[in-house]
Amino acid sequence: MAIAIFMGEVCRPARLRISLAAAFAFAPIGMHPAQAGCWSVLKSPKWVEVQASLEKAKLCEVIPAGPNRTDRISITRFDICDAPGGFKLEASGSVECKSSPAAVFKSSASGSAETSAVVDIGTCTVTDIQVNLGGTLGAFLSGRPELRQIVKNLAQAKLSELCGK
């Protein structure tokens, strides 16, 4: 989802590869290096659009039980990095989940989040994803082994949409 906004268009697999190659080729012009082989999307002129898209993401709504409404998302790092055969997205931030207004029992959970996803642009697939949560949200979701798969499925669905699959 962020890549589509960053690039300004939805791409078929061939166009995705060309667009990503162009983005990496011109990254130093529109983006600032975050670390070796990475570029910070936060410093890109397109960050406002990426941020708006992330704020619309329904992160808490996929939680199987508990606070199921995304109240706030704050991103402190969002980098695109070189990776063999594709690229790696690395992000850090915080998220706050609350119960829906209609819930009988009100609850909330917040925490920090660090995620990384490796994307193979040749096959348009998420090949690896890591999710690390801290705070009350991390404690609430610890012991839920399906969380990583849920996040991977969401990321793959968005990537497939970008690739026209």
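Residues numbered from 1 in each chain as written. Predicted model: local features only at pLDDT ≥ 70, side-chain atom pairs only at ≥ 80, totals over all residues. Heavy atoms only, no water.

(A) Layout of helix H5 (residues 146-163). Taking 1.5 Å per residue, 18 residues should reach 26 Å; H5 reaches 25 Å between its end C-alpha atoms and fits that length. What H5 keeps buried is the set Leu147, Gln156, Leu159, Ser160, Leu162 and Cys163. Following H5 by one or two positions, glycine 164 adopts a phi angle in the positive range, close to 75 degrees. (Helix = DSSP H or I, 4+ residues; strand = E, 2+ residues; numbered from the N terminus. Expected span 1.5 Å × (residues − 1). Buried < 20%, exposed > 50% of the residue type's maximum accessible area, 1.4 Å probe, protein only.)

(B) Inspection of the state of the cysteines at higher detail. The final tally for this structure, using the stated rule, is three disulfides. Disulfide partner of cysteine 38: cysteine 81, at an S-S distance of 2.0 Å. Because the torsion about its S-S bond is 110 degrees, the bridge between cysteine 38 and cysteine 81 counts as right-handed. Of this pair, cysteine 38 sits in strand E2 (residues 38-40) while cysteine 81 sits in strand E3 (residues 69-83); the two residues are 43 residues apart in sequence, bridging distant segments of the chain. Here cysteine 38 matches cysteine 81 in class, with each residue buried. (Disulfide = S-S within 2.5 Å.)

(C) Up close: the nonpolar core. Core analysis: the largest hydrophobic core is formed by 17 residues, its most contacted members being Val41, Trp47, Phe78 and Leu159. Listing elements by their share of this core, those giving two or more residues are helix H3 (47-56), E3, strand E4 (86-98), strand E5 (108-120), strand E6 (125-133) and H5. In terms of nonpolar packing, the next biggest core, distinct from the first, is built from nine residues, Ile63, Val95, Cys97 and Ala109 among them. (Core = buried A, V, L, I, M, F, W, Y, C linked by side-chain atoms within 4.5 Å.)

(D) Inspection of the pattern of salt bridges at higher detail. Under the counting rule described, the total for this entry stands at nine salt bridges. Taking the shortest distance from any N to any O, the salt bridge between glutamate 96 and lysine 98 comes out at 3.9 Å. Glutamate 96 sits in the buried class, given a relative accessible area of 19%. Exposure remark for lysine 98: the relative accessible area of 29% places this residue in the partly exposed category. With a closest N to O distance of 2.9 Å, arginine 148 and aspartate 128 form a salt bridge. (Salt bridge = Lys/Arg side-chain N within 4 Å of Asp/Glu carboxyl O.)

(E) How the structure looks around the environment of glycine 134. Mapped onto the elements, glycine 134 comes out in the loop between E6 and helix H4 (135-141). Each C-alpha atom of the pair glycine 134 and serine 112 lies 5.0 Å from the other, and the pair is 22 residues apart in sequence. Not counting residues within four places of it along the chain, the set of residues in contact with glycine 134 comprises Ser110, Gly111 and Ser112. (Contact = heavy atoms within 4.5 Å.)

(F) Main features of the side chain of serine 99. For serine 99, the position within the fold is in the loop between E4 and E5. Judged by relative accessible area, which is 10%, serine 99 ranks as buried. Polar contacts involving the side chain of serine 99 include one to the main-chain carbonyl oxygen of phenylalanine 105, which spans 3.4 Å. Side-chain polar atoms of serine 99 contact the backbone nitrogen of serine 107, separated by 2.7 Å. (Polar contact = N/O pair within 3.5 Å; in protein donor to acceptor, adjacent residues only side chain to side chain.)

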